[in-house]
Amino acid sequence: MSAVSRRLPLLLLVTMLVVLAVYLQWPKTKITQEKNQRVVSVKTVVIALADFKDAVEAIGTSRANEQVLITSKYSDLVDDISFQDGDTVKKGDILVRLNSQEEAAKVKELQANLAESVAQLNRFQDLFDKKATSKSLVDQQEAKTKAIAAQLLSAKIKLDDLTIKAPFSGVLGFREISLGALVDVGDVITSLDDLSIIKVDFSIPERYLNTIAVGQRIEATNTAYQSEVFIGKVSSIDSRIDPVTRTLKVRAEISNGDHKLRAGMLLNLQVVRNVEKVLQLPESAVIPIEDEHFVFVIEDGKAVKKSFKIGRRYHGFVEVLSGLDNNSEVVIEGALKLSNGTAVNVLGGKS
């Protein structure tokens with residue numbers, strides 16, 4: 001057997017070891033290259049100076065500027081109803097007429113009696129001037145005339161009260177009576193709300209007492225109008241602090257000419273104490289690690305991890321005190337897939 005033949009198994013073994021080493025090393029190199037070449041899609045925002053509101057938050061229930069239950073002062077039958085559910089009325093508009101035939105007849109009777117009494121008083125006065133009668137008879141007739149006049153005034157007031165009118169302009173509620181029904185004293189006929197202005201009472205902690213003033217701007221939201229903010233102002237501040245809750249009661253008014261807001265709605269309120277321009281970014285961009293805060297900033301198409309100092313928080317935004325520059329492009333979605341130096345593709349923008 002030749003020397004080559006004897007060395008062939010050894011050569012085969014060496015070759016197999018080399019191939020195995022290359023095989024084991026090749027995937028690792030390829031994975032490393034793929035990792036370095038991986039591009040992550042992200043969404044970004046350019047941080048900039050914007051209004052930052054220093055506000056006190058509270059919750060309150062709305063009520064109408066004026067609200068009343070329409071009732072009757074007298075018990076009688078309903079002769080006429082001049083409104084429908086939800087009508088808008090003006091001050092003095094007639095709502096309901098109760099049966100008034102007896103009162104109208106009483107007024108006419110007293111008017112006739114008054115006219116006769118006045119004529120009799122005039123005759124007695126003429127006779128007294130001619131010294132044909134005594135002063136006492138004139139005084140008696142004068143007193144009788146005044147009594148009839150007072151009775152007539154009372155009868156006219158009662159007759160007028162049987163015609164029920166709107167005490168102020170506003171929106172009526174549901175009609176609670178029917179034509180021909182007997183209405184008793186105090187029975188509710190309908191409700192009337194002046195919705196041109198909405199009032200809302202709310203409470204704030206006493207520590208904010210020196211930062212709240214009449215005329216201060218308030219912002220209100222409600223679940224029925226999630227994308228709309230209603231602007232109002234503080235109209236009055238209570239003179240006392242609640243000794244149990246240590247809170248201060250505040251009243252605000254909101255202009256409501258379009259009647260979007262109704263009485264009884266739950267309103268989320270913010271009393272705006274100060275508005276200033278500060279550098280801010282969305283909270284979704286912030287990566288908290290222990291006591292530090294980081295973000296990924298896009299520089300030359302790559303993600304760069306940067307530490308920064310945060311300040312106040314307000315409705316999903318944080319104030320940037322230091323560590324980031326104005327107009328920096330910061331990742332707000334996809335940051336969990338990033339590491340320092342990862343190539344990125346900015347969705348909807350430049351990579």
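Just so you know, these numbers come straight off a predicted model, no measurement behind them. (Residues numbered from 1 in each chain as written. Predicted model: local features only at pLDDT ≥ 70, side-chain atom pairs only at ≥ 80, totals over all residues. Heavy atoms only, no water.)

## Points about the overall build of the protein
- Regarding its fold elements, the protein presents three helices and 19 strands.
- For the protein, the residues scored as buried account for 31% of the 351 residues in total.
- Once local pairs closer than 6 in sequence are excluded, the contacts in the protein between residues at least 24 apart make up 74%.
- Looking at the protein as shown, the accessible area adds up to about 21,900 Å², and 53% of this sits on carbon and sulfur atoms. (Helix = DSSP H or I, 4+ residues; strand = E, 2+ residues; numbered from the N terminus. Buried < 20%, exposed > 50% of the residue type's maximum accessible area, 1.4 Å probe, protein only. Contact = heavy atoms within 4.5 Å. Areas by Shrake-Rupley, 256 points an atom, 1.4 Å probe, with all protein chains shown as cover.)

## A word on the packing of aromatic side chains
- Scanning all chains against the criterion turns up one aromatic pair.
- Taking 5.6 Å as the distance between ring centres and 75 degrees as the angle between the ring planes, the aromatic pair formed by Tyr225 and Phe230 counts as edge-to-face.
- Positioned above the aromatic ring of Phe294 is the side chain of Lys305, whose terminal nitrogen or guanidinium carbon lies 4.8 Å from the ring centre. (Phe/Tyr/Trp six-rings, centres within 6.5 Å; stacked < 30°, edge-to-face > 60°. Lys NZ or Arg CZ within 6 Å of the ring centre and 35° of its normal.)

## A word on the pattern of salt bridges
- On inspection of all chains with the given rule, the structure shows 12 salt bridges.
- In this structure, the salt-bridge partner of Asp161 is Lys73, at a minimum N-O distance of 3.1 Å. Of the two residues, Asp161 sits in helix 3 (residues 135-161) while Lys73 sits in the loop between strand 2 (48-71) and strand 3 (76-81), which places them 88 residues apart along the sequence. (Salt bridge = Lys/Arg side-chain N within 4 Å of Asp/Glu carboxyl O.)

## What about the pairing of strand 2?
- In this sheet, strand 13 (residues 266-282) lies alongside strand 2 in antiparallel orientation, the contact comprising 14 bridges. Residue pairing for strand 13: Asp51 is matched across the bridge by Lys277.
- Of the pairings in the sheet, the one linking strand 2 to strand 9 (residues 188-205) comprises 10 bridges and is antiparallel in character. Across the sheet, Thr71 pairs through a bridge with Val188, a residue of strand 9. (Pairing = 2+ DSSP bridges.)

## What about helix 3?
- Along its 27 residues, helix 3 runs 39 Å from first to last C-alpha, staying within 8% of the 39 Å computed at 1.5 Å per residue.
- Residues Val138, Gln141, Thr145, Ile148, Leu152 and Ala155 constitute the buried set of helix 3.
- Here the buried face of helix 3 lies against helix 2 (101-129). (Expected span 1.5 Å × (residues − 1).)

## A short note on unusual backbone geometry
- The phi torsion at Arg246 lies on the positive side, around 55 degrees, for a residue other than glycine.
- Note that Arg246 resides in the loop between strand 11 (225-241) and strand 12 (247-255).
- Unlike most non-glycine residues, Glu290 shows phi in positive territory, near 55 degrees.
- Looking at the secondary structure, you find Glu290 in the loop between strand 14 (287-289) and strand 15 (292-299).

## A word on the nonpolar core
- Core analysis: the biggest nonpolar cluster contains 24 residues, and Phe202 and Ile204 have the highest contact counts within it.
- Only strand 2, strand 9, strand 10 (217-222), strand 11, strand 12 and strand 13 provide two or more residues apiece to this core.
- The greatest single-element share of this core, amounting to five residues, is contributed by strand 9.
- With residues near it in sequence (within four places) discarded, Phe202 still touches Ala58, Ile59, Gly60, Leu248, Lys249, Val250, Ala252, Leu269 and Val271.
- Counting residues in hydrophobic clusters, the runner-up holds 17 residues, among them Leu95, Leu162, Phe168 and Val183. (Core = buried A, V, L, I, M, F, W, Y, C linked by side-chain atoms within 4.5 Å.)

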